[in-house]
Amino acid sequence: MREAYQKTLLVLLFIFCLFGLGKGVADEHVNVMHVSGVGKTTIIADRAEVRLHIEVNDQAVRQIHQTLSSKNQKVLGVLRKMGADKLTTTQMTILPQYDRKQRNKVIGYRGNMSITFHAKTQDAGSMIDAALQAGANRMDGFTLIPGAQELKAAQKIVYEAAAVNAIEQAKIILAALQQELDGIYEIRVGAQPRPYHHKQFRAMAAMESMPATEITAGEQEVQAVVNLKVHFKPKDY
């Protein structure tokens, strides 16, 4: 008899927990709405991130390594003297080159060294030309970027605008349904807003008749998304 009584209590306790917890979970999501807001602004990108390469072909690995190192030092010295910022040698590779007909036959080696730097757009063009004259023989491209302070200010603007936009949308929808906002349940922010604007072209140092490189600043759009989960209730009259 006692065992039967205990089993009955356990069954009743299980049923209570099952339905009690289910009701709690359900109540948590009653009168909740999801809404997303978008904020946008434009910013002037007046700096350039430039990617240069030094390429060398030779029969001997040692000679390629020496030539790459020598040219790299010259290019870095020129750019450093001209005031390039975040000047970095990003990678160095030396790979075998094979005969097209006899694919297992090594006919030489190709070395590559990559250099990146940042500069104001009005200075970047002359720095590129000087680097090509000093030994770089390929420019992979450049990316226009804004200054750190300008980007920080733009991010503040778009976050605020996105939050306001989300609240305004929620109020408009709820008003149409005779409801009103009763609080914010959850806030989720999208990835950190960053502007993107990419230009790419190649330049060879051997092209002596090539006109001077010119890079101009440009406008970029910065965007942010804020997702809200809001509580609402019937509108009071």
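See the structure above.
Residues numbered from 1 in each chain as written. Predicted model: local features only at pLDDT ≥ 70, side-chain atom pairs only at ≥ 80, totals over all residues. Heavy atoms only, no water.

So, the overall build of the protein chain
For the protein chain, the helix and strand inventory stands at 4 helices and 8 strands. Seen in sequence order, the protein chain has helices and strands lined up from the N terminus as α-β-β-α-β-β-α-β-α-β-β-β. Scored against the burial criterion, the 237 residues of the protein chain give a buried share of 32%. Residue pairs in contact within the protein chain that sit at least 24 positions apart in sequence constitute 85% of those at least 6 positions apart. (Helix = DSSP H or I, 4+ residues; strand = E, 2+ residues; numbered from the N terminus. Buried < 20%, exposed > 50% of the residue type's maximum accessible area, 1.4 Å probe, protein only. Contact = heavy atoms within 4.5 Å.)

Focus: the nonpolar core
Core analysis: the largest hydrophobic core is formed by 27 residues, its most contacted members being Val50, Leu52, Ile54, Val75, Leu79, Phe117 and Ile128. If sequence neighbours within four positions are ignored, Ile54 has contacts with Leu68, Lys71, Asn72, Val75, Gly111, Asn112, Met113, Ile115, Gly135, Ala136 and Asn137. Listed in part, the 11 residues of the second largest apolar core include Ala170, Val226, Leu228 and Val230. (Core = buried A, V, L, I, M, F, W, Y, C linked by side-chain atoms within 4.5 Å.)

A word on the environment of Val189
Summarising the element assignment, Val189 is placed in strand S6 (residues 179-189). Given the relative accessible area of 47%, Val189 is considered partly exposed. Excluding residues that lie within four positions of it along the chain, Val189 makes contacts with Tyr159 and Val225.

Some remarks on the packing of helix H2 (residues 61-81) against helix H3 (residues 121-134)
Viewed as axis vectors pointing N to C, H2 and H3 meet at an angle of 155°, and their least axial separation amounts to 9 Å. Viewed along their axes, H2 and H3 adopt a mutual orientation that is roughly antiparallel. Remark: the crossing between H2 and H3 carries right-handed chirality. In this structure, H2 uses Lys71, Lys74, Val75, Val78 and Leu79 to contact H3, whose residues at the interface are Met127, Ala130, Ala131 and Ala134. (Axes fitted to C-alpha atoms, helices over the stretch in contact; angles between N-to-C directions. Parallel < 35°, antiparallel > 145°, perpendicular 65-115°, else oblique. Left-handed = near helix turned anticlockwise from the far one by under 90°.)

Focus: H3
Across its 14 residues, H3 extends 20 Å between first and last C-alpha, which sits within 8% of the 20 Å expected from 1.5 Å per residue. When we look at burial in H3, the residues that qualify are Thr121, Ala124, Gly125, Met127, Ile128, Asp129, Ala131, Leu132 and Ala134. Against the buried residues of H3 lie strand S1 (32-45), strand S2 (47-58), H2, strand S4 (106-120) and strand S5 (138-145). Immediately downstream of H3, the backbone of Gly135 shows phi near 145°, a positive value. (Expected span 1.5 Å × (residues − 1).)

As for the pairing of S4
Pairing of S2 with S4, which is carried by 12 bridges, proceeds in the antiparallel orientation. Each bridged residue has a counterpart across the sheet, and for Ala48 the counterpart in S4 is Ala119. (Pairing = 2+ DSSP bridges.)

Quick notes on the side chain of Thr41
Here Thr41 is to be found in strand S1. For Thr41, the contacting residues outside a window of four places in its chain are Ala154, Ile157, Val158, Gln220, Glu221 and Val222.

Thoughts on the sheet that holds S6
Strand-to-strand pairing in sheets goes through backbone hydrogen bonds, with the strands running parallel or antiparallel. As summarised here, the arrangement of the 3 strands in space is S1-S8-S6, forming an open sheet in which the pairing is antiparallel. Across the chains shown, the open sheet's two edge strands, defined by having one partner strand only, are S1 and S6. With direction set aside, neighbouring strand axes in the sheet form an average angle of 35°. As defined by bridge partners, S6 adjoins strand S8 (residues 218-234) across 9 bridges and the pair is classed as antiparallel.

Structural notes on the side chain of His53
You can see His53 is positioned in strand S2. Here His53 falls in the buried class, since its relative accessible area comes to 8%. Within the local environment of His53, its side chain forms a polar contact with the side chain of Ser114, the two groups lying 3.0 Å apart. A polar contact of 3.2 Å, which involves the side chain of His53, links it to the side chain of Asp140. If sequence neighbours within four positions are ignored, His53 has contacts with Asn112, Met113, Ser114, Ala136, Asn137, Arg138 and Asp140. (Polar contact = N/O pair within 3.5 Å; in protein donor to acceptor, adjacent residues only side chain to side chain.)

Digging into a nonpolar patch on the surface
A grouping of Ile184, Ile187 and Val189 is seen on the molecular surface, where their side chains present a nonpolar patch of about 280 Å² in accessible area. Here Ile184 lies in strand S6. Accessibility expressed as a relative area gives 45% for Ile184, which makes it partly exposed. (Patch = residues over 30% accessible without salt bridge, like charges linked within 9 Å, V, L, I, M, F, W, Y side chains within 5 Å. Areas by Shrake-Rupley, 256 points an atom, 1.4 Å probe, with all protein chains shown as cover. Salt bridge = Lys/Arg side-chain N within 4 Å of Asp/Glu carboxyl O.)

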